[in-house]
Structure formats: C-alpha cells, structure tokens
Amino acid sequence: MYRKHPTWELPQKTDAVMIEINTKGTDERKMVINMGPQHPSTHGVLRLAVTLDGEVVTDVECHIGYLHRCFEKYAEKMDNFPAVIPYTDRIDYVSAMNQEHGFVIAAERLLEIEVPERVEYIRVIVAEMQRIASHLLAIGTFGLDLGAFSPFLYLFTEREKILDIFERTSGARLLYNYMAIGGLMREPHPEFKSETAAFVKQFRPKIQELQDLLSYNSIFVKRTAHIGVLPAKVALNYASSGPVLRGSGVKWDLRKDDPYSIYDRFEFDIPVGSGEMGTLGDCWDRYIVRVLEMEESCKIIEQALDAMPDEGDVLQNVPKRVRTKPGELYARTESPRGELGYYLIADKGNSPFRVKARAPSFVNLSVLPVISKGSLLSDLVAILGSIDIVLGEVDR
Amino acid sequence: MITESILLLLLFALIPLIIILIYALFAIWGERKVAGFIQDRLGPMRVGGWHGWAQSFADLLKLIQKEDIIPANADRFLFRLAPFIMFAASYAAFAVLPFSSSFIGSNLDIGVFFLLAITSLLSISVIMGGWASNNKWSLFGAMRSAAQMVSYEVPTIMSVLSVIVVAGSLNLMTVTEMQSGNDTLGFLPNWLILQNPFLIIAFVIFFISILAEAHRVPFDLPESESELVAGFQTEYSGMRWAMFMLAEYADMLLLSLLGAVLFFGGWNSPFGDFMAGPAWGFFWFMLKGLLLVFVMMWIRWTLPRYRVDQLMYLCWSILIPLSFLNFVLIALWEMIF
Amino acid sequence: MRNIVKKGWSTFRTIFTGMGITIRHFFSPAVTLQYPDEREELPKIARSKLFVNIDDCIACDQCVRACPVNCIEIDTVKATADVDLGRTSDGKQKRMWVTRFDIDMAKCMYCDLCTFPCPTECIYMIQDYEYSEYDRNNLVYNFSNLSPEKIEEVTRKAEEDKLQKEQQAETETVTTKPGKTAKQTGSSSAKSIPGAKATSGAKSIPGAKPKTVPGAKSIPGAKPKTVPGAKTIPGAKPKTVPGAKSVPGSKPKTVPGAKTIPGSKLKTVPGAKSVPGAKTRTVPGAKTIPGAKPKTVPGAKTIPGAKPKAVPGAKTIPGSKPKTIPDAKQIPGAKAKTKSGVKKVPGGGKGSQKPNSEE
C-alpha cells in the first residue's frame, strides 16, 4: 500500500507506480512515521521512528546523534583543564551553570584544590538560579507541546531576568564559563546579592500564577494525568534520575543523598510525585515536581544569600597553571535533569586523559519507548516533553 | 435588463468577498496583536507605521512571490483543488447572512439550512488536501479533522435548531428582525439569548462547537503544530497555503456572525432604536461578530489543546446528549410560555 | 451524574481562571524592547566580540595558547636592535613586530579564556554584537597595524640580522642566484598570471630602473614592474586569496574604536601577506646583497630598491601606480592584474589613501 518514492524513476503523471513490498512479518495496519529530526516538539534534533496503529503508538525507537559534538574527545584534546569548562557549558546549554558546577567539582576533587567559602556560596546560588531557569524552560516547552502558548512566554520573561543577572555576573547569557577550577572566573557584580534577592521575591507569585494558569487547568490535567506512567521500579531499573525519578515517587536527590559543595547546610524539601491528579509517575507528576522544585530552589537561594560571606577573593585559589596528578574519579551532581556525572582520568600532562560525561537526559530518554507504548500520538509528545530532554546533552 | 441583474448580482457577491478579504487581513494582524498583548509582547510593529497595521499586506505580498511547491507523489489535481473548495465553501455561506437590515446576499427561506450544509464542504476540502499531499502528517490531520467536523456538526445543528424553534423561521433575516426592539421590561434588548434561559446553555454548546468547527484551540487538532507539524496544510506553500489561512479566518468570522444573528440580535442595536439603521446595523453586526472572534482568540492564547479521543468524548458523551436535552427543554419552555 | 457536573464545573472554573490571567496580561504593558530602535545597554563585562589593542601587545602568545578553539593566530618578527618599538601602556618593553594578529570571530566561542592570561590586558571583550557578515571570511579580524610592505621589510630585516649574525664573513656574487630565484618565482607565478611569463626579466630590467626612481615611494607598484618575479606578487595575491574572500565591493573591515594606523583596519587577506614573506624567504641570496643595487639581476634589484622606499611607510595603492607609470602598460598582464589587485589587495582600500596623500 505504499507508493514508491524516488522521483527520478517515476513518470511525472499522477498514476504513481505501485510496487510490491514484502509484507510478511509486518502488520499492514501499522504505519511507521518519523517524528523529527525536524519536528516542532522533539526539542531539538531527536528522531523518533514511531510505529502507529491508527493513532496508538505501538513502538518507539529513538535515533540520536544528530547533535553529537565529540565533547569527550575534545576534552581529551584540550591543552589544560580550564579549557574544558566552556565545552561543558555546551553539553546542556539550558543549564550551563550546573554543568560547569559538576565538572569543576570533579576536577577540584581530582586535583585536590580547596575552594573558598564565598565561592561555594556563589556557586550554589548561581546553580540554583540556573535550575530555576532550566525548569522554567522545561515547563514552558512542556506547555507548548500541549498547545498552551502563553505560559511559555510568561515563563520566558522570568527566565530572562535570571539570564540578565547572569549576564551582569559572568558576561554571557547562556554559555557562561563562569566557574573556574578552584574558584570563579570573576567577582560577581556589586548588586548581585540584592538583585538575586529581588528576583526571588518577585518570582514566588509567578509560580502561583503558573499553577492557576497551567498546572490545575482541567484541559492540561486531562492531557497529562494518567499519561506516560512510569512506575518507580521501572524508573530505577532504567537508572532514571532527577525529576523523572522523583515524579515516580522516589525521593532521590543528590543534593540531599550525596551532598556535594555545601548543600548539606541548607534546609529544603525534595518534592516527589504523589499521583495527586492521576496515577503516580504520570506526566503531571513529573511536571509538578519541577514546579515545586523551583520553590525549593528559591529557599536555597534565600538561605545562601543570607549566609554568604561578603568578603573574600574568588580567584585566590585558582591555580595559574593547573597541574594534574595521576588518578581517576567519578563525581556526580544534581543537574536540573538528574544525575550529572563526570568521570575523569588524569595522568601526566596538563589535560585530562579521559572525560566521560554521564548525561541525565540520555539516560532518561531511554525510558521513553517503555512508557509510551499504547499511548496516543498526542500523548507521545506530552511524554517526551515531560521527560525534558536537552538534545545537546543526549548527544554530547 | 438581464445584464443589469447580473451586474447587481456580481456586486452583491463582491461585497461579502471584500468584507472577507479586508477582515481576513486585519484578523490575522489582529490575532497576532492579541497574542502579543496577552503574552506581554507587542506583536508586529514595523510594517506600515501605527502598530504594524500593514503586516498582513506585507505577508500577502511575500506569499504571492513564494514558490508553489507540490510534492512529487501528490495527487496534483486534488492538491490544487482543495484550497479553492475550502474558500468557496466558507465564502458561499456568507450569502445568507444579513449584514444589515437592507443588505443580504440572498434572502433564502432556508438560510440556516443552506449555511450549515455548505460549511460541511469544509471537511471535504480538508480531507482532500490531506489525502492529496501524500504525507503521513497531512493524512493524520485530515482524518482527525474529518472526524472532528462531522462530530461537532451535530451539537452545532442541535443548538441552532433550538434557536429556530424559538424564532420559528429558517430565514436569517426573519430571525434577526424578530429580535429588534426591546423586551417587555423595556431596557434589555430583545435578543434571543435573553428570551429563554435554556438558550444560554444552547449558546455555550454552540460556541464550543464552533470552536471545534473552526479548528480553534482547544480543538485545533487538525493542525496542532506540536504534534502534526501543520496537519493537513503541511505540504502547502505560497498562495495555496494563504487560501487555507483565508478560509480558516473566513470560517471563524462566518460562525461568529452566525452566532451573532442567532443569539445576539444580528444587526439590531443593543439600545433599541438608538443608533439603528442600515449603516449602524452593519456596524453592530460586525462588532458582535468580531467580539466573538476576539473571544476565540483570547481562548486560543490561554488554553492547551484537547487530545483527539477527549475531543470525541466531549462531543458524543457530553455535548450531544446535553444539546438534545436542551432542545427538549427549550421546546417545553416555548410551549409553556 | 453529580460527578460529571462537578467535573464540568471545575473545567469551566479553571478555564475562566486562566482566561482571567491572560486578560490581565492583555492590559499589562509589554516587557519586550523594540530591538533596532531600543536596545539594552550591555554590562561592561558582556562578551560579544574580541578586541585587541595592538599598541599594547607584546606578542607573548599566551592568548593563542589559552584559546580552546584556536581562533587566534599571531605571527611575530623579532625587532632588530636598531629599532625601538616603544613600550606598552603599562611599561613593558615591546620586542616583537606583530606582523599578524588575526582573530576568527566565526570560530570564537566567547569563553573569555584568552583575556585572562594576557599580561598587558590588551585583548579583551567589547560590547559590540552587531557584526554579522554575508561571508564568514569577513569575520576574520586583523588587528596588526603593519602594512604588507612594512611586514615584508621587517621580516627581511630580521632575517638579514639573523643571517648576518650567523654568517658574517660570507660574501657572495649573486648574479646566478637571483636569476634563479627570479626564474623560480616566475615559474611559480606562471600558472597564476598568464602575462607574467611572457614579460620575463629582459623587458622589465631595462624599463624598471628608471621607473623605480619616480616610484621610489611606492613600493608595491614599483616591484611588479621591475621584476617579473616580483610582479607576480601583486598578481598572486588575488589568486592565492580565494575569490570568496575578496568580495569586490567589500569595504575594509573597520574595527570599532581602533585608533591604530588606518592600514590596520583593512581586512588583510592572509594570502597577501604570505606571498611577500615567502618571496623574501625564497631569495636568500638577494638579501645578502644590499649593496648590489645595480641592475645586474632583476630579482636582486627589486629587493634593495624596495627597502629604502618602504621605510617612509609608503602605502600607495598598488593599482594606482601602474596607471601613472607608462611602463606598466608594457607588461601585458600587469594592468589587468594590478587592477584586480586594487579591489582585492588590502592596500587598495580607502585606508591606504590617507598616508599617500600625506606624502
């Protein structure tokens, strides 16, 4: 029932050639369609080969690699450790600060470099701000996938405020290269504290507005509740992490469970999915976990702003030349998308011998075929949006 | 004599066309402005001076220049035909709308019937375009659209019928005329929606149904861009695509105007005899229609969209039983009062 | 039944709540800027474009080493003892001619890593973000303020200096050598300029001498006429440069705020520089005979002749010379070549006209 496609063999008339295809072993009821790499809701250049029975998804196959940029090879090729940091920005360009944070922590542990107190606080503040920014984008595009356009732009307005603060702090809006091994690239600007505090203060009502406009909107709930249910057991089996895992009710957050940096000093909750609107582990749960996490991030930022020392040189422990010591380690941090791990091996020389990035999006994406079977095509879009992948991170 | 009448006919035919064209250009611009304002933006600002009012004209110029691409294995005849049928269908339906007390394209006695019948052609053109494109996404869009439009015609017709029961005529001019003046209390207009409490429910059903018929959010499944790329229009480009766009906006206006006639007194002034007359009638008629169009836009930029099965559930399990029940209740009300 | 009503009611309630929020936004002012008319002022540390204050550059190469993407390229020539290059603004002695300081902003990833190691803080990010180009080659910014002739000169000087130190005693009669080199250059240029071969040294030599005198200041023009090999150089420039780079109408790249010599503003075509440099290198013999000005050998002549001329920083447009000097016509290929050179060769831009008029 398929028409032959190559045009160079075809007569130009409409009576297209019908060719015999071997249908043995295939189901004629089924249709395979390609979602992506150019598709509005694959969040980049993901390609999904979707087998459909009517509108019901019977199989999903993810084809990745369209955005592969050889991060790991580049990292080996660099002359020194600091030169890798701008590349970590580009792994997950939506949450560059968290990526830097992860890599810097790994490198500091490997090279045994102490970090000043003030630097730790600033890092935590910017990392949490970035988490908010990243979740804002995730939530906004999730709404966009479901057809709600305006919330996306309202959230973008908020994200823009964060990016403005980052721009004044680091000099860039998206790919900051702000964290250095042992410190920060530069002092935050003088109004950093007051601006951040002001942002957090005005941001809280916006979360409430989002809840009214989108989270509890009945159409939105209808589109997300009971959809793409990911049971906790499956999530653990697939090594999911971050909001995808927490949406399934598993209270696992590296900031609490394997504290890095100075996260053990702050008081905050780990929101988990509860199946409030549908089944535990559905799209709505994954979504609401992100919304609630933004509130928790606000709490962390406020505490960090209070406790942050005002004096101190952020550059004092930054080595002029980073000299490696042979060794290897795995350091993991909680990025907005889940467990971000850097596995570093260093031998002689100034550059890392091997860098392996464990990208949460990549791992989380692997559950997509499992949880989207049997759903409708529209649900597939919702499920994909709720997993919140960043293709830069999936492909690296 | 014959030529004169033909010329007159052409003139009468031309007026709605001009109205549609001007409306469509400004509605597209207006929709973008509404979207912009709702989203804390300004929308188009550059073309033409004041708030970019000429943006649509610039877009139209651009679309005219665009290459007309027809996919290699498309059914070329149907592919070309579909936009025209779609536009013709929505254009033809304007014939029976009473724009003013002195202007109606064709004062048919079965105006409502004609209008509903001719708009059914829309779903045919959508299927035609979707099928002829030879694209899986287009096909999906077309199938969804066909199912949606066929389903939602039932509640639309039922709610329209409720009005007809009250009004007692299929002629839209008659329906409008009987809504003129003020009601017995003397300060409220004599609109049908205010005459019968169940007609309010009928209007709600009608409005939801026309949202679905016009493919507006939350029922814009046939062209839901995040799932189906652009639905049945995926393969269309240039002026053919513009025709679809035009027809879509014309359809939106048509259904809104129908709503204005059936529920809000058509060209009647809301202030009784004040600001009444043929010219004012046209003004009120368009204003009422455009207000409904604005509400449609407002809804579009607020809500997410339904899923295809939920759409069908809403139609067959809720709206249709409700509209039948409502129909019976209205009939009873009319019998009693 | 009750459940359905409840559900229906909650549907309407949430929808109206949402519509209430959007209509509130409808009447609230826009948060956007009308970009080309209004713009946000970027903070001073915003990273939009690299800029090099070449006067302060000591050519330490630190930025090149720090760059993760190798978008900076620096060529240096050691200054001879008789030249004082001056000091940077923070008092460091400059010892190198920076013959090339190219930054490819198409490659740059704005990481700012190059600015930190700079000892004189001469490379830094500026807040200019509107510099898109139709051709990515136009994104190669050249910050060196030396003209091609000057580069050639200092290169030769440095090599002479080096050579003198190495082999001071050595004196050679160069009759054969330059001839050979002339031939070599001639042959190398043969593919490029059809006319070049035909106008062999024979023609150029006699005519060249007298010409060089009036054109003394104008080095680039002088050279082509005198020596066939030399002539190939201006001609070679456009050739070596891929046509894409030399967009006919392309104006020299202006570096904002560059108060450096106008010549530095010009977009330098890499090939242009390399050719003269290559020549001098290929003709080692020529250098050894500074005194061998006599016309004996075409190749030899041009080089010494070029030296004195080059000193005043003569920057006449190569193309302009041929027109003024009748002999230019003698060389069939020369006119066309140099003309094309006008457009394409960096020296041909408007920047070079200024020094010319000063003379």
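These figures come from a predicted structure and were not determined experimentally.

1. Points about the overall build of chain A
Across its full length, chain A holds 15 helices and 8 strands. Per-residue burial for chain A yields a buried fraction of 60% across its 396 residues. Summarising the internal contacts of chain A: among those between residues at least 6 apart in sequence, 71% fall at separations of at least 24. Split by element, the accessible area of chain A, about 15000 Å² in all, is 53% carbon and sulfur.

2. As for the confidence of the model for chain A
Across chain A, the average pLDDT comes to 84, with 93% of residues at 70 or higher. Every residue in residues 1-14 of chain A scores below 50 in pLDDT, and together they form 25 contacts with partners more than four places removed in sequence or on other chains.

3. Here we look at a nonpolar patch on the surface
Residues and elements named next belong to chain B. On the surface, a cluster of nonpolar side chains totalling about 690 Å² of accessible area is made up of Leu 14, Ile 18, Ile 22, Phe 26, Trp 50, Trp 53 and Phe 57. Tallying contributions element by element places helix 1 (residues 2-38) first for the nonpolar patch, with 4 residues. Relative to the helices and strands, Ile 18 resides in helix 1.

4. Some details on the interface of chain B and chain A
Taken together, the 30 residues of chain B in the interface contact 40 residues of chain A. In total, about 3000 Å² of surface goes out of reach between chain B and chain A, with carbon and sulfur atoms giving 60% of it. Connecting chain B to chain A are 1 salt bridge. Asp379(A) serves as the salt-bridge partner of Arg307(B), at 3.0 Å between the closest nitrogen and oxygen. Counting every contact that joins chain B to chain A gives 9 residue pairs in polar contact (both at pLDDT 80 or more).

5. Side note on the pairing of strand 3 (residues 96-104) of chain C
Residues and elements named next belong to chain C. Across the 9 residues of strand 3, 8 count as buried, placing the element largely inside the fold. Here 7 bridges tie strand 2 (residues 72-78) to strand 3, and the two strands are oriented antiparallel to one another. Bridge pairing links Glu 73 to Asp 102 in strand 3. Inspection of the sheet shows strand 3 paired to strand 5 (residues 140-142) by 3 bridges, in the antiparallel sense.

6. With respect to the sheet that holds strand 2 of chain C
All names here are of chain C. Pairing in this open sheet of 3 strands is antiparallel, and the strands run 2-3-5 from one edge to the other. Strand pairing shows two members of the sheet lacking a second neighbour, strand 2 and strand 5, which therefore form its edges. On average, each strand axis in the sheet is inclined to that of its neighbour by 15 degrees, with strand direction left out of account.

7. Focus: the pattern of salt bridges
All names here are of chain A. All chains considered together, the criterion is met by 46 salt bridges over all chains. A salt bridge links Asp 59 to Lys 373; its shortest N-O distance comes to 4.0 Å. Taken together, the residues Asp 59 in strand 3 (residues 56-63) and Lys 373 in the loop between helix 13 (368-372) and helix 14 (377-387) connect sequence positions 314 residues apart. With a closest N to O distance of 3.8 Å, Glu 158 and Lys 206 form a salt bridge.

8. Brief notes about the packing of helix 2 (residues 55-65) of chain B against helix 10 (residues 238-263) of chain B
Residue and element names in this part refer to chain B. In contact at an axis separation of 6 Å, helix 2 and helix 10 are set at 135 degrees when each is read in the N-to-C sense. With respect to helix 10, the axis of helix 2 lies oblique. Residues Leu 60, Leu 63 and Ile 64 of helix 2 pack against Gly 238, Met 239, Trp 241 and Ala 242 of helix 10. Across the contact of helix 2 with helix 10, the residue classes tally to 6 nonpolar, 1 polar and no charged.

9. Here we look at the interface of chain C and chain B
With 17 residues of chain C at the contact, the number on the chain B side is 17 residues. Looking only at chain C, the three residues that lose the most surface to chain B are Met19(C), Phe26(C) and Gln34(C), adding up to 37% of its buried area. The tally of links between chain C and chain B comes to 1 salt bridge. Residues Asp37(C) and Arg46(B) are paired through a salt bridge, measuring 3.3 Å at the closest nitrogen-oxygen approach. Looking at the side of chain C that touches chain B, its residues break down into 9 nonpolar, 7 polar and 1 charged.

10. Considerations on the nonpolar core
Membership of the largest hydrophobic core comes to 120 residues, with the highest contact counts inside it found for Phe81(A) and Tyr287(A). Among the elements that take part in this core, helix 4 (residues 117-145) of chain A stands out by supplying 13 residues, more than any other. Aside from chain neighbours lying at most four places away, what touches Tyr287(A) is Ile139(A), Phe142(A), Leu210(A), Leu214(A), Ser215(A) and Phe220(A). By size, the runner-up hydrophobic cluster in this structure holds 105 residues, among which are Ala24(B), Ile38(B), Phe232(B) and Tyr306(B).

11. Quick look at the environment of Leu170(B)
Residue and element names in this part refer to chain B. Residue position: Leu 170 is located in the loop between helix 6 (136-167) and helix 7 (172-177). Spatially, the C-alpha atoms of Leu 170 and Phe 114 are 9.4 Å apart, while their sequence positions differ by 56 residues. The contacts of Leu 170, once residues within four sequence positions are left out, are Asp 109, Ile 110, Gly 111, Val 112 and Ile 164.

12. Considering the sheet that holds strand 6 (residues 327-335) of chain A
Residues and elements named next belong to chain A. Ordered by their spatial adjacency, 3 strands build an open sheet running 6-7-8, and the pairing between neighbours is antiparallel. Each having just a single partner strand, strand 6 and strand 8 (354-358) make up the two edges of the open sheet. The average undirected angle you get between the axes of adjacent strands in this sheet is 15 degrees. Here strand 6 runs beside strand 7 (residues 338-346); their pairing, made up of 9 bridges, is antiparallel.

13. Regarding the side chain of Thr119(B)
All names here are of chain B. Checked against the element boundaries, Thr 119 lands in helix 4 (residues 111-119). Assessed through its relative accessible area of 4%, Thr 119 is described here as buried. Discounting residues that sit within four places of it in the chain, Thr 119 has contacts with Ala 93, Asp 251 and Leu 254.

14. Some points on the confidence of the model for chain C
Per-residue confidence for chain C averages 59 on the pLDDT scale, and 47% of its residues sit at or above 70. Between residues 175-359 of chain C, whose pLDDT stays under 50, and residues either more than four places distant or in other chains, the model counts 263 contacts.

15. Focus on helix 11 (residues 278-300) of chain B
Spanning 23 residues, helix 11 of chain B covers 33 Å between terminal C-alpha atoms, matching the ideal 33 Å at 1.5 Å per step. Of all the residues in helix 11 of chain B, the buried ones are Gly281(B), Trp284(B), Phe285(B), Met286(B), Lys288(B), Gly289(B), Leu292(B), Val293(B), Met296(B), Met297(B), Trp298(B) and Ile299(B). Check the buried side of helix 11 of chain B and you find it contacts helix 1, strand 1 (98-100), helix 8 (197-213) and helix 10 of chain B together with helix 1 (2-27) of chain C.

The rules behind each value
The numbers attached to residues start from 1 for each chain and follow its sequence in the written order. In the order they appear in the text, chains get letters beginning with A and ligands get numbers beginning with 1. Only residues with pLDDT of at least 70 are given local features in this predicted model, and only at 80 or more are side-chain atom pairs given and counted; all residues enter the totals for whole chains, interfaces and linings. Calculation of side-chain values draws on the structure's entire complement of heavy atoms; hydrogens and water are dropped beforehand. Comment: elements are numbered from the N terminus, with helices defined as DSSP H or I runs of at least four residues and strands as E runs of at least two. Relative accessibility under 20% of the residue-type maximum defines a buried residue, over 50% an exposed one, and the middle range a partly exposed one, all with a 1.4 Å probe and only protein chains included. Any two residues having at least one pair of non-hydrogen atoms within 4.5 Å are treated as being in contact. Working definition of accessibility: Shrake-Rupley area with a 1.4 Å probe, residue cover restricted to the visible protein chains. Confidence scores here are pLDDT values: one per residue, from the predictor, ranging 0 to 100. Patch definition: residues above 30% relative accessible area lacking any salt bridge, with like charges linked at up to 9 Å and the nonpolar side chains Val, Leu, Ile, Met, Phe, Trp and Tyr linked at up to 5 Å. Whenever Lys or Arg places a side-chain nitrogen within 4 Å of a carboxyl oxygen from Asp or Glu, that contact is recorded as a salt bridge. Put simply, buried area is how much 1.4 Å-probe accessible surface two parts lose in total, over both of them, once they are put together. By the criterion applied in these results, polar contacts are pairs of N or O atoms within 3.5 Å in which, for protein atoms, one can donate a hydrogen and the other can accept it, and in which residues neighboring in sequence qualify only through two side-chain atoms. Note: two strands are recorded as paired if DSSP finds a minimum of 2 bridges between them. Orientation is described by axes fitted as lines to C-alpha atoms, over the contacting stretch for helices, and by angles from 0 to 180 degrees between their N-to-C directions. For this classification, under 35 degrees means roughly parallel, over 145 means roughly antiparallel, 65 to 115 means roughly perpendicular, and everything else is oblique. Throughout, the ten residues Ala, Val, Leu, Ile, Met, Phe, Trp, Tyr, Cys and Pro are labelled nonpolar, Asp, Glu, Lys and Arg are labelled charged, and all others, Gly among them, are labelled polar. Side-chain atoms within 4.5 Å are what join buried Ala, Val, Leu, Ile, Met, Phe, Trp, Tyr and Cys residues into a set we call a nonpolar core. Helix span, expected: 1.5 Å multiplied by one less than the number of residues in the helix.

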